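Spelled out, the chains give:
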There are 2 protein chains.
Amino acid sequence: MKKVGVAILGLGVVGGGTYQILTEHREFYQKTQNVDIVVENVLELRKERALSLGVQENKIASNIQEICSNPDVDIVIEVMGGVEPAKSFVLAALNAGKSVVTSNKELFCKYSYELEKAARKNNCGLFFEASCVGGVPVIRALLDNLQGNKILSMMGIINGTTNYILTKMTNEGSSYEDVLKEAQKLGYAEANPTADVEGYDAAYKLSILSSLAFHTKIPFSKIHREGITGITADDINYGKQLGYVLKLLAIGKNTDEGIEVRVHPTYVKASHPLATVNDSYNAVYITGDSVEDVMLYGRGAGALPTGSAIVGDVIYCATHPNFRYSTFKNTEEADPNTKFIDNFKSAYYIRLSAHDKAGVLAKVSSIFSRHNISVAQMIQEEDVTADGRVPLIFITHMTKEKSVNKAVEDINLSDVADVVSVIRVVS
Amino acid sequence: MKKVGVAILGLGVVGGGTYQILTEHREFYQKTQNVDIVVENVLELRKERALSLGVQENKIASNIQEICSNPDVDIVIEVMGGVEPAKSFVLAALNAGKSVVTSNKELFCKYSYELEKAARKNNCGLFFEASCVGGVPVIRALLDNLQGNKILSMMGIINGTTNYILTKMTNEGSSYEDVLKEAQKLGYAEANPTADVEGYDAAYKLSILSSLAFHTKIPFSKIHREGITGITADDINYGKQLGYVLKLLAIGKNTDEGIEVRVHPTYVKASHPLATVNDSYNAVYITGDSVEDVMLYGRGAGALPTGSAIVGDVIYCATHPNFRYSTFKNTEEADPNTKFIDNFKSAYYIRLSAHDKAGVLAKVSSIFSRHNISVAQMIQEEDVTADGRVPLIFITHMTKEKSVNKAVEDINLSDVADVVSVIRVVS
């Protein structure tokens, strides 16, 4: 039976889960996969953490060189997160002839070009299923199942923290601030939640997934990114009244005009399969020209679900002697021939705080019409708020982003209403 | 650029879709996959069908030998369906050194052992993603993503025809017979619908999927199979009242006691992700010990979605020089060490037609209690039907199949009620 040695860099949540899976399933993999996978080294500065997980003291390496020069290590698992020192460690491992399995979305998003170059040069495997959407098998689906399709679009709920927060806000009518605090207490959100709630995490993943789907490098910098910090309970409730559920969506589209990639809060029709993806569950909804619609759903984070993706890659790497590298143009920057669309089309939810006087609707309607925006649905509240305002909510038909921006400007300049929120809508 | 020649056996619905995808995307695959895939031959007796799809006359082979001896053919795509002549053709292709991609669930379910033996002997690829659930990437997910898990259970809506019929019955309150006729008119059901409506198709797929998931041969003969022909609009409505949606589920479980595999109509809680899988959409809900819950959703049938799975396998085969065969014990019969459970546990919906007299509920309850069946929910209708009967519906807690069978016998022997239907329930 083939013996394969692995080293785990970082025994945090995911590293700990990976260690647990590998050690508890060792005999199971011998029996079912005909391979003996042994954890030969871990790199973890908190020695007690390693020992408490059951790692033998002589397996704890004190630096990356020790692992690179250990001939028993075939595969290095990088689960440290962040760019440095993860990047240097991964490059060192590849240059030492070790294959690499990583869960590091920021690293892979920003430096896939450099990492892949090193992997090719050294004829090593480079696997990253765990970098996107935890245990949901989306990367291999794009690489090995759907590659016969032109992928037309993908829409994903690919950040667990924000989906947990939005689900709570939806179910309980609570404010963003209250739910965030609760999520932090429960460990679902970090003390500094910026990467999640501002959409960075989702944008890293979208960069990776859309590069695979559209076969060209989609850099992080090309992704239009908005977070959920401005979302109010009111917006969620008005959306509900109109038949929508609010989600932080990562959207990638490949049309004849070009590519659009964006992360932002989005109303999803309540009957859409993505609308029922709740709590820390994630899902990616992919449309291809042959397969039509496919949705992949599961745990997008967590020690064992993400560990499952890592171990899947480890077993694949251990049992498949030939490696295939990216099927997209893995360039350092975007290919100059790739056209990106800023002025994309969408339907919009526009909430106004209108003065309680006659002619408001006529004025607003004329502004919309001037910018070729046509209205699909409207709610005008009867009750006047304490400051003498009336909430007025519109859902538009498909229109261009820039037209909406201009209409918003004009409404704010008018004397009849202020724009409170603008949220995109998919049906 | 590597050139790969393929031959398509059978230009029916799926064969036609596959031909269309391959020819329309040829340049796209050259650009994105660095491989030139050329349809070198088709085997189709209806010459006009081949010509109408755009096949050049000189590419139409008149028998399998012509294809086997064509040195330009590297991969044979078998999309004929049924056991013979598909089996002889696939074996001939493998023995001629051609790799095979098949969508044939009946063939693969019944003869995977023989086919794989021939593939190994000739060092050829044998791919079958399209045999189960059309464009939904479930086979590769089990083989290459979730293989780090002990799969605990899978529940699938894996037959499009029956899901279409049950969805229509649910939405419109129509009878099975009426919806079946409509489905046949629309081409969603075959003139002879037995394979679909009696659960054979789902059972073939469950045999394949559970063999992969549980790493041991699960023969068709071990699968408990019931179809949907006995389902009435009343059952669907009572289920609705109790918060359930009726689906034909394929269920596989791997517990400490053994393996249970079954296909039968099942009530699914309305809040379960499988409950919203409607019309001809399919989905497989898999639970692993590390990944927790994963659901894969999409089109389970159709020319292009199934063609997408076939072409995915063709590209994989063309770009991965090494083949890996089944990761289950691919024996001819079930491994004698594999234990199968007949007397499985489930919750049950039991509908009675009760006499309209006092003491019925007491009598039925005492029968349940005698067989250790505890009741979770009950509906007793007020209205008496024309024949002086009262519908009485129970949902039980988890109980053993055999206990329910005995209780049903006892109720039918009693003078208070007849059992109209017994349907299993998952929550």
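Heads up: these notes are all about the structure in this document. As the structure is a prediction and not an experimental result, all values here were calculated from the model.

The rules behind each value
- Residues numbered from 1 in each chain as written.
- Chains lettered and ligands numbered in written order.
- Predicted model: local features only at pLDDT ≥ 70, side-chain atom pairs only at ≥ 80, totals over all residues.
- Heavy atoms only, no water.
- Helix = DSSP H or I, 4+ residues; strand = E, 2+ residues; numbered from the N terminus.
- Rg over C-alpha atoms; globule rule 2.2 N^0.38 Å.
- Buried < 20%, exposed > 50% of the residue type's maximum accessible area, 1.4 Å probe, protein only.
- Contact = heavy atoms within 4.5 Å.
- Buried area = accessible area lost by both parts, 1.4 Å probe.
- Salt bridge = Lys/Arg side-chain N within 4 Å of Asp/Glu carboxyl O.
- Polar contact = N/O pair within 3.5 Å; in protein donor to acceptor, adjacent residues only side chain to side chain.
- Nonpolar A, V, L, I, M, F, W, Y, C, P; charged D, E, K, R; others polar.
- Pairing = 2+ DSSP bridges.
- Core = buried A, V, L, I, M, F, W, Y, C linked by side-chain atoms within 4.5 Å.
- Patch = residues over 30% accessible without salt bridge, like charges linked within 9 Å, V, L, I, M, F, W, Y side chains within 5 Å.
- Areas by Shrake-Rupley, 256 points an atom, 1.4 Å probe, with all protein chains shown as cover.
- Least-squares fit on C-alpha atoms with pLDDT ≥ 70 in both.
- Axes fitted to C-alpha atoms, helices over the stretch in contact; angles between N-to-C directions.
- Phe/Tyr/Trp six-rings, centres within 6.5 Å; stacked < 30°, edge-to-face > 60°.
- Lys NZ or Arg CZ within 6 Å of the ring centre and 35° of its normal.

### Here we look at the overall build of chain A
In terms of helices and strands, chain A carries 15 helices and 17 strands. Relative to the globule expectation of 22 Å for 427 residues, the C-alpha radius of gyration of chain A, 24 Å, shows essentially globular dimensions. In terms of principal-axis extent, the alpha carbons of chain A reach across some 80 × 45 × 35 Å. Across the 427 residues in chain A, those meeting the buried criterion constitute 61%.

### As for the interface of chain B and chain A
Listed as interface residues are 46 residues of chain B and, on the opposing side, 46 residues of chain A. Note on chain B versus chain A: buried area summed over both sides is about 4200 Å², and carbon and sulfur give 53% of it. When the buried area of chain B at its contact with chain A is split by residue, Asn145(B), Tyr297(B) and Arg324(B) rank highest and sum to 14% of it. Across the chain B-chain A interface, the total number found is two salt bridges. Taking the shortest distance from any N to any O, the salt bridge between Glu292(B) and Arg299(A) comes out at 2.6 Å. At the junction of chain B and chain A, the tally comes to 21 residue pairs in polar contact (both at pLDDT 80 or more). Its residues assigned to classes, the side of chain B that touches chain A shows 20 nonpolar, 17 polar and nine charged. Alignment of strand β12 (residues 292-299) of chain A against strand β12 (residues 292-299) of chain B, held across five bridges, turns out to be antiparallel. Within the sheet, the bridge partner assigned to Leu296(A) lies in β12(B) and is Leu296(B).

### Quick word on the nonpolar core
Residues Val138(A), Leu142(A), Ile165(A), Val138(B), Leu142(B) and Ile165(B) are the most contacted members of the largest nonpolar core, which totals 173 residues. If near-sequence neighbours (up to four positions away) are discounted, Ile165(B) is found in contact with Tyr176(B), Val179(B), Leu180(B), Ala183(B), Val197(B) and Ile228(B). By size, the runner-up hydrophobic cluster in this structure holds 62 residues, among which are Leu11(A), Val101(A), Val42(B) and Phe127(B).

### Section: a nonpolar patch on the surface
On the surface, a nonpolar cluster with roughly 210 Å² of combined accessible area is contributed by Leu361(A), Val375(A) and Met378(A). Structurally, Leu361(A) can be placed in helix α14 (residues 360-370).

### Some remarks on the relation of the copies chain B and chain A
Superposing chain B onto chain A requires a rotation of 180° together with a translation of 0.0 Å along the rotation axis, leaving an RMSD of 0.0 Å. The transformation relating the two chain copies, once decomposed into turn and shift, fits a two-fold axis. Considering only C-alpha atoms, the residue of chain B closest to the rotation axis is Leu296(B), which sits at 2.4 Å. Here 100% of the interface residues in chain B have copies in chain A that are interface residues too; the copies meet face to matching face.

### Focus: the pattern of salt bridges
Taken as a whole and assessed by the stated rule, the structure comprises 46 salt bridges over all chains. A salt bridge links Asp235(A) to Arg351(A), with the nearest nitrogen and oxygen atoms 2.8 Å apart. Here Asp235(A), found in helix α12 (residues 233-241), pairs with Arg351(A), found in strand β13 (residues 345-355); they are 116 residues apart in sequence, far enough to count as distant. You can call Arg351(A) buried: its relative accessible area is 8%. For Glu57(B), the salt bridge identified is with Lys47(B), shortest N-O distance 2.7 Å. Residue Glu57(B) is found in the loop between α3 (47-52) and β3 (60-61), and its partner Lys47(B) is found in helix α3; the two are separated by ten residues along the sequence.

### A short note on unusual backbone geometry
All names here are of chain A. Following Glu-84, the chain continues into Pro-85 via a peptide bond in cis, with omega recorded as 10°. Mapped onto the elements of the fold, Pro-85 is located in the loop between β4 (75-78) and α5 (86-95). The backbone phi angle of Asn-34 is positive, close to 55°, even though this residue is not glycine. Within the element layout of this structure, Asn-34 appears in the loop between α2 (26-33) and β2 (35-43). Despite not being glycine, Val-133 has its phi angle at roughly 60°, a positive value. Relative to the elements of secondary structure, Val-133 occurs in the loop between β6 (126-127) and α7 (138-145). By relative accessible area, which is 0% here, Val-133 ends up buried.

### Concerning the sheet that holds strand β5 (residues 99-102) of chain B
Residues and elements named next belong to chain B. The six strands lie next to each other as β3-β2-β1-β4-β5-β6, forming an open sheet whose pairing is parallel. Both outer strands of the open sheet, β3 and β6 (126-127), are each paired with one neighbouring strand and no more. With four bridges connecting them, strand β1 (residues 2-9) and strand β4 (residues 75-78) associate as parallel partners. Pairing of Val-6 across the sheet is with Ile-75, part of β4. Across the sheet, helix α13 (residues 303-319) touches β1, β2 (35-43), β4, β5 and β6, and the angle it forms with β4 is around 165°.

### Remarks on α7(A)
Most of α7(A) sits out of view: eight of its eight residues are buried. Buried within α7(A) are the following residues: Val138(A), Ile139(A), Arg140(A), Ala141(A), Leu142(A), Leu143(A), Asp144(A) and Asn145(A).

### Digging into the packing of aromatic side chains
If you walk through the whole model with that rule in mind, you get 22 aromatic pairs over all chains. Aromatic ring contacts, followed pair by pair, group Phe127(A), Tyr316(A) and Phe323(A) into a single cluster. Cation over ring: Arg225(A) sits above Tyr200(A), and NZ or CZ is 3.9 Å from the ring centre. Here Lys87(B) stacks its cationic end above the ring of Tyr111(B), 4.1 Å away from the centre of that ring.

### Description of the sheet that holds strand β5 (residues 99-102) of chain A
Residue and element names in this part refer to chain A. As summarised here, the arrangement of the six strands in space is β3-β2-β1-β4-β5-β6, forming an open sheet in which the pairing is parallel. For this open sheet the edge positions go to β3 (60-61) and β6, each flanked by a neighbour on one side alone. Pairing of strand β1 (residues 2-9) with β2, which is carried by eight bridges, proceeds in the parallel orientation. The residue of β2 that forms the bridge with Ala-7 is Asn-41. Relative to the sheet, helix α13 (residues 303-319) contacts β1, β2, β4, β5 and β6, its axis offset from that of β4 by approximately 165°.

### A look at the side chain of Thr162(A)
Residues and elements named next belong to chain A. By the element assignment, Thr-162 lies in helix α8 (residues 160-172). According to the relative accessible area criterion, Thr-162 is buried, its value standing at 1%. With residues up to four places along the chain from it excluded, the contact list for Thr-162 reads Asp-196, Val-197, Ile-228 and Leu-248.

### Structural notes on the environment of Met80(A)
Residue and element names in this part refer to chain A. Take Met-80: it is sitting in the loop between β4 and α5. Overall, Met-80 belongs to the partly exposed group, its relative accessible area being 31%. Measuring from C-alpha to C-alpha, the distance between Met-80 and Gly-12 comes to 7.3 Å, with 68 residues separating the pair along the chain. Apart from residues lying up to four places away in sequence, Met-80 is in contact with Leu-9, Gly-10, Pro-85, Ala-86 and Phe-89.

### Digging into the environment of Lys217(A)
Residues and elements named next belong to chain A. When you line up the elements, Lys-217 lands in the loop between α11 (200-214) and β8 (224-225). Classification of Lys-217 by relative accessible area gives buried; the value is 4%. Between the C-alpha atoms of Lys-217 and Ala-283, which are 66 residues apart in sequence, the distance is 23 Å. Those residues in contact with Lys-217 that sit more than four places away from it in its chain are Cys-109, Ser-112, Ser-211, Phe-328, Lys-329, Asn-330, Thr-331, Glu-332, Glu-333, Ala-334 and Phe-340.

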